[in-house]
Amino acid sequence: MASGRRFVRVRSTEASPWRGFVRYPRAIMRILILGGDGYLGWPTAMRFSAAGHEVSVVDNFSRRRWHTQHSTDSLTPIGSLADRIEAWKEVSGREIRTFVGSIEDGKFLDRVIAETLPETVVHYGEQPSAPYSMKSRATAVETQYTNVIGTLNLLFALRDQVPDCHLVKLGTMGEYGTPNIDIEEGFIELEHKGRKDTLPFPKMPGSLYHLSKVHDSHNIHFACRIWGLRATDLNQGVVYGVETEESAADERLITRFDYDEYFGTVLNRFCVQAVIGHPLTVYGEGGQTRGFLNIRDTLQCVELAANNPADLGEFRVFNQFTEQFSVAELAELVKRSGAEVGHEVTVHSYPNPRIEAEHHYYNAANTKLIDLGLKPHYLGEELVRSMLRIIERYKGRVIERAILPRTRWKPGELEGSLAPEDSGSERVAE
Ligand code: NAD
Ligand code: USQ
């Protein structure tokens, strides 16, 4: 069992070729990032590396493989992980170690943990798409196997090798669903038949992907209660944006940006649609309300969680989003912002391929990260315009066929196609 050096205070004197950019924290950590080639994992790796930490990343490139299978691609032309790591070294003078493999391979993960002896593990390494998980039995099984077994392997590796390590796990706001009561941060105080207890907040997710995150949360909570591990479950809302402080410095450092039906999230999709003149694809009535955050705030939140670890035996839950919006509000914002930079944006209601409430109560707590010091980057027209400008640079790469949703939630319609002529043309949010 490793002794696990925790938060040793190091005064770094190392000279950086990029002075003023690399920030030296008060404590240097060994940080392992699972899913370090992904949309969020790659900028997170650069952020921790820039802060002077010893960073290692694991990835099996499944996200790249899923795109190849569907003949889709990231809007941004990302280099291979090896090329990006080399570019990062050139720009920052700092090294990031790489391990290529799947975390559902327990032996591989054991070896990685033994070699890196992490003090913090940031776990992004899962299949993240709700539509992909609902596409077929095979993709549902793949999603739950990858996500649940990968996380379970990680819990055993931490227990047996680095029991002091702090696990920072990316969960999702979608674990809660859309209950008709306020959503708390992980736990709720209940009174039942005259007795009181504080228990995990009830979960009612809307896809087999979101359910895999619920299973993960239960397993992580169990590992904290029974084995005394420490973990922070970050129930993250929908992320938008592409640029971070580090990636903006050199085009070779850009992160992936997806807009296809499987891997594109709603605001990112709307911005791409606005730039290429495709009607914004509002599913159903557009009253679906979710928590949202800027990719820059994802990095801030993960950094805050890592720098303020949970206690041994503690299972902490933070709701990680900064603002709530309905889909129709986002469409209206993109339409307004697009008009200011010369894009004529139309908004259409398409038959909703998902089974979800289109009008519902939604009020989720999100104070714990603010209490730790989160300074949100709020969404507004200026931010959308800056996303549109970045997207314009790459608009020649858009594969338009990948935009309309084909995966349906209803049995019997799993692979049904939503051809343009089938699409509703009712305008919303005007
Ligand atoms: P992503 O697909 O870009 O990143 C995940 C990375 O993990 C990919 O590079 C993939 O190749 C890798 N990976 C997947 N399974 C793996 C495995 N078994 N072994 C090794 N590597 C594996 O997704 P993302 O958008 O960066 O999301 C990262 C995490 O954050 C996911 O867990 C997702 O559920 C969660 N999350 C994302 C959002 C969002 O809006 N993007 C919101 C809430 C939560
Ligand atoms: N939607 C549209 N039009 C689109 C795409 C989506 O109306 O073109 C709607 C969906 O029906 C849904 C909402 O927008 O009501 C959000 O959809 P999404 O695809 O942006 O987000 P979701 O499927 O929930 O998944 C994403 C990430 C996932 C993360 C989750 C956070 O892919 O990894 O866990 O956001 S949360 O939504 O808080 O659970």
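Residues numbered from 1 in each chain as written. Chains lettered and ligands numbered in written order. Predicted model: local features only at pLDDT ≥ 70, side-chain atom pairs only at ≥ 80, totals over all residues. Heavy atoms only, no water.

> Explain the site of ligand 1 to me, using residue names and the numbers behind them.
If you check the shell around ligand 1, you find 29 residues, and the closest are Asp59, Arg63, Glu104, Tyr209 and Lys213. Gly38 places a main-chain nitrogen or oxygen 3.2 Å from an oxygen atom of ligand 1. Interatomic distance of 3.1 Å between a backbone N/O atom of Ile103 and a nitrogen atom of ligand 1. Starting from 820 Å² of accessible surface for ligand 1 in isolation, the protein chains cover 97%. Those elements that place two or more of their residues in the shell around ligand 1 are α2 (62–70), β5 (166–172), α7 (208–227) and β9 (238–240). Of the residues in the shell around ligand 1, the class split is 10 nonpolar, 12 polar and seven charged. (Near = heavy atom within 4 Å. Polar contact = N/O pair within 3.5 Å; in protein donor to acceptor, adjacent residues only side chain to side chain. Areas by Shrake-Rupley, 256 points an atom, 1.4 Å probe, with all protein chains shown as cover. Helix = DSSP H or I, 4+ residues; strand = E, 2+ residues; numbered from the N terminus. Nonpolar A, V, L, I, M, F, W, Y, C, P; charged D, E, K, R; others polar.)

> I'd love a proper account of helix α8 (residues 266–276), names of residues and values included.
The buried count for α8 comes to nine of 11 residues, which makes it a mostly enclosed element. Residues Leu267, Asn268, Arg269, Phe270, Cys271, Val272, Gln273, Ala274 and Val275 constitute the buried set of α8. Directly beyond the C-terminal end of α8, a positive phi value near 80 degrees is found at Gly277. (Buried < 20%, exposed > 50% of the residue type's maximum accessible area, 1.4 Å probe, protein only.)

> Give me the lowdown on the nonpolar core, citing residues and values where you can.
It is characteristic of soluble globular proteins that their nonpolar side chains tend to be buried jointly. Counting 35 residues, the largest nonpolar core has Ile33, Trp42, Phe48, Val57, Ile96, Val122 and Val302 as its most contacted members. Among the secondary structure elements, those contributing two or more residues to this core are β1 (30–34), α1 (41–50), β2 (54–59), α3 (81–92), β5 and α9 (295–307). Sort the elements by how many residues they give to this core and α9 lands first, with six residues. Dropping the residues within four chain positions of it, Val302 is found in contact with Thr44, Phe48, Val122, Tyr124, Val168, Leu170, Leu234 and Gln320. Ranked by size, the runner-up nonpolar core spans 34 residues in total, among them Ile254, Val272, Leu330 and Val334. (Core = buried A, V, L, I, M, F, W, Y, C linked by side-chain atoms within 4.5 Å. Contact = heavy atoms within 4.5 Å.)

> Pulling in residues and values, what's your account of the site of ligand 2?
Not every one of the 21 residues close to ligand 2 is listed here, only the nearest: Pro128, Thr172, Tyr209, Thr281 and Glu356. Contact distances for ligand 2 include 2.9 Å between an oxygen atom and a backbone N or O atom of Tyr283. A distance of 3.4 Å separates an oxygen atom of ligand 2 from a polar side-chain atom of Arg290. Calculation on ligand 2 without its partners gives an accessible area of 730 Å², and the protein chains cover 94% of this total.

> So what's going on with the sheet that holds strand β11 (residues 289–294)? Which residues, and what values?
What the three strands build is an open sheet, ordered β9-β11-β13; its pairing is mixed. Each edge of the sheet is formed by a strand with only one pairing partner; in this case those strands are β9 and β13 (323–326). If you compare each strand with its neighbour and ignore which way they point, the axes differ by 45 degrees on average. In terms of strand pairing, β11 meets β13 through four bridges, oriented antiparallel. Bridge pairing in β13 places Thr289 opposite Ser326. (Pairing = 2+ DSSP bridges. Axes fitted to C-alpha atoms, helices over the stretch in contact; angles between N-to-C directions.)

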